[in-house]
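# Coordinate inspection notes
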Amino acid sequence: MSVYCCDRMDYELNNKCEVHGTRADCPDALIAFADGIYGLFIHDGGSSFVEISYCPWCGSRLSTSSGSNASI
Ligand SMILES: [Zn+2]
Ligand SMILES: [Zn+2]
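Residues numbered from 1 in each chain as written. Chains lettered and ligands numbered in written order. Predicted model: local features only at pLDDT ≥ 70, side-chain atom pairs only at ≥ 80, totals over all residues.

## A closer look at the environment of Asp28
Checked against the element boundaries, Asp28 lands in the loop between helix H1 (7–14) and strand S1 (31–34). In this structure the C-alpha to C-alpha distance between Asp28 and Glu12, which are 16 residues apart in sequence, comes to 9.2 Å. (Helix = DSSP H or I, 4+ residues; strand = E, 2+ residues; numbered from the N terminus.)

## Regarding the nonpolar core
With 10 residues, the main nonpolar core is built from Tyr4, Met9, Leu13, Ala29, Ile31, Ala32, Phe33, Tyr38, Phe41 and Phe49. Breaking this core down by element, the ones donating at least two residues are H1, S1 and strand S2 (37–41). Per-element tally for this core: the top contributor is S1, with three residues. Every residue in contact with Ala32, bar those within four places of it in the chain, is listed here: Ala24, Gly39, Phe41 and Phe49. (Core = buried A, V, L, I, M, F, W, Y, C linked by C-beta atoms within 7 Å. Buried ≥ 20, exposed ≤ 12 C-beta atoms within 10 Å, placed from the backbone. Contact = placed C-beta atoms within 7 Å.)

## Structural notes on unusual backbone geometry
With a phi close to 55 degrees, Asp35 is a non-glycine residue in the positive phi region. Note that Asp35 resides in the loop between S1 and S2.

## Here's the deal with the pairing of S2
Bridge count for S1 against S2 is four bridges, and the pairing is antiparallel. Across the sheet, residue Ile31 finds its bridge partner in S2, namely Leu40. Of the pairings in the sheet, the one linking S2 to strand S3 (residues 49–51) comprises three bridges and is antiparallel in character. Counted as the bridge partner of Leu40 is Val50 from S3. (Pairing = 2+ DSSP bridges.)

## Here we look at the sheet that holds S2
Ordered in space as S1-S2-S3, the three strands form an open sheet in which the pairing is antiparallel. If you trace the sheet from one side to the other, it starts and ends with S1 and S3, each paired once. Averaged over all adjacent pairs, the angle separating strand axes in this sheet is 40 degrees, with direction ignored. (Axes fitted to C-alpha atoms, helices over the stretch in contact; angles between N-to-C directions.)

## A few points about H1
Within H1, burial applies to Met9, Glu12 and Leu13. Each buried residue of H1 sits inside an arc of 85 degrees when the element is viewed along its axis, so together they form one side. Every exposed residue of H1 that faces more than 90 degrees away from the buried side is listed here: Asp7 and Asn14. Where the residues of H1 are buried, they touch S1. (Arc of directions from axis to C-beta.)

The following block contains the structure:
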């Protein structure tokens, strides 16, 4: 009953770090998801990320326009 494309993505986006307040601050967080857009975090001290269109693990196309029911 995962809402994401694969278990790895599901784990990534549901993983809550207890040390860092937000996922953007956590060096362990790889994937950003905001406003229906998926991205790879750039850990440069900010919360910027590079948008991606395909899952880096399973290669599925990541839907960015069919509405979203999930958020960070
Ligand atoms: Zn995937
Ligand atoms: Zn962390």
